[in-house]
Amino acid sequence: MTNATATPAALAAGSTRDQILGVARGLIETRSYLGFSFQDVADAVGIRKASLYHHFPTKEALGIAVIRQATQYFKDWDAARERKPKDALDSYFRMYRNTLRAGSGMCPAGSLAPGWDCINDELRQAVQELRHTQVLWLTGVLGALSPVGARKKGASVASQASYVFSVCQGALLASRMTGRVEDFDEAIAQLRSSLPG
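Computed from a predicted model, the values in this text were never measured in an experiment.

Colleague: Tell me about the packing of helix H2 (residues 16–31) against helix H5 (residues 59–79), and name the residues and values.
Modeller: At a minimum axis distance of 10 Å, the contact between H2 and H5 shows a crossing angle of 90°. Taken as axis vectors, H2 and H5 run roughly perpendicular relative to one another. On H5, the residues that touch Arg 17, Ile 20, Leu 21, Ala 24, Arg 25 and Ile 28 of H2 are Leu 62, Ala 65, Val 66, Gln 69, Ala 70 and Tyr 73.

So this is what it looks like as structure tokens:
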């Protein structure tokens, strides 16, 4: 994933739609989906609020675009280079730590969970798709790290992948609460010790 918090120079270089998406993602990651308004986005981009509606007719449409973009960024990140399974898993943890800014930010999908009952079905589906994409990827990586004969009895690779995703999301949340990236690192160190490879 690319860094979602756009710098002023990066904002100036992109299209208005890209600028809106970058600002919205940064606000979702730091304030949550329910913690910002269209006016906040318009002010940060430097356009009139009415101009936002030209690109996104509703806040939900904007949220869906942000989450779908995050899902595509993950797919692009995966396709960027071949990695051995252990290196791929290490890269995944670094992506959470550095790109999602452990200690100061949240995954855009994870930050929507607190307002789950306040968002529409299409936005929920976009969040679920991002989760599914990552869990499916983790299933492949963990499966390659742990041949069938070496797996713990009763623990499927898919359930282990869900566990890894959940710990990463929870570690981001905990480190956001404390503002300490070290809290993320400690949780991931414990997670690593429970994984094959």
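Colleague: Tell me about the pattern of salt bridges, and please be specific about residues and values.
Modeller: Counted according to the given criterion, the structure contains 11 salt bridges. Two residues, Asp 40 and Arg 31, come together in a salt bridge whose shortest N-O distance is 3.1 Å. Exposure remark for Asp 40: the relative accessible area of 27% places this residue in the partly exposed category. The closest approach of N and O atoms between Arg 192 and Asp 90, which form a salt bridge, is 2.4 Å. Here Asp 90 lies in helix H6 (residues 85–99) and Arg 192 lies in helix H9 (residues 181–193), a separation of 102 residues in the sequence. Overall, the relative accessible area of 15% leaves Asp 90 in the buried class. Beyond isolated ion pairs, a larger network of salt bridges with shared partners links Arg 180, Glu 182, Asp 183 and Glu 186.

Colleague: How would you sum up the packing of aromatic side chains? Please name residues and give values.
Modeller: Taken as a whole, this structure holds 10 aromatic pairs when the rule is applied. Taken together through their ring pairs, the aromatic side chains of Phe 74, Trp 77, Tyr 92, Phe 93, Tyr 96 and Trp 137 make up a single cluster. Positioned above the aromatic ring of Phe 36, the side-chain terminus of Lys 59 is 4.4 Å from the ring centre. The aromatic ring of Trp 77 is capped on one face by Arg 83, whose charged end is 4.3 Å from the ring centroid.

Colleague: Explain the packing of H2 against helix H3 (residues 38–45) to me, using residue names and the numbers behind them.
Modeller: Look at H2 against H3: their axes get within 9 Å of each other, and the N-to-C directions meet at 125°. The orientation of H2 relative to H3 falls into the category oblique. Handedness of the H2/H3 crossing: right-handed. Residues Gln 19, Ile 20, Val 23, Leu 27 and Arg 31 of H2 form the contact with H3, whose own contacting residues are Asp 40, Val 41, Ala 44 and Val 45. Partitioning the contact of H2 with H3 into residue classes produces 6 nonpolar, 1 polar and 2 charged.

What counts, and where the lines are drawn
Residues numbered from 1 in each chain as written. Predicted model: local features only at pLDDT ≥ 70, side-chain atom pairs only at ≥ 80, totals over all residues. Heavy atoms only, no water. Axes fitted to C-alpha atoms, helices over the stretch in contact; angles between N-to-C directions. Helix = DSSP H or I, 4+ residues; strand = E, 2+ residues; numbered from the N terminus. Parallel < 35°, antiparallel > 145°, perpendicular 65-115°, else oblique. Contact = heavy atoms within 4.5 Å. Salt bridge = Lys/Arg side-chain N within 4 Å of Asp/Glu carboxyl O. Buried < 20%, exposed > 50% of the residue type's maximum accessible area, 1.4 Å probe, protein only. Phe/Tyr/Trp six-rings, centres within 6.5 Å; stacked < 30°, edge-to-face > 60°. Lys NZ or Arg CZ within 6 Å of the ring centre and 35° of its normal. Left-handed = near helix turned anticlockwise from the far one by under 90°. Nonpolar A, V, L, I, M, F, W, Y, C, P; charged D, E, K, R; others polar.

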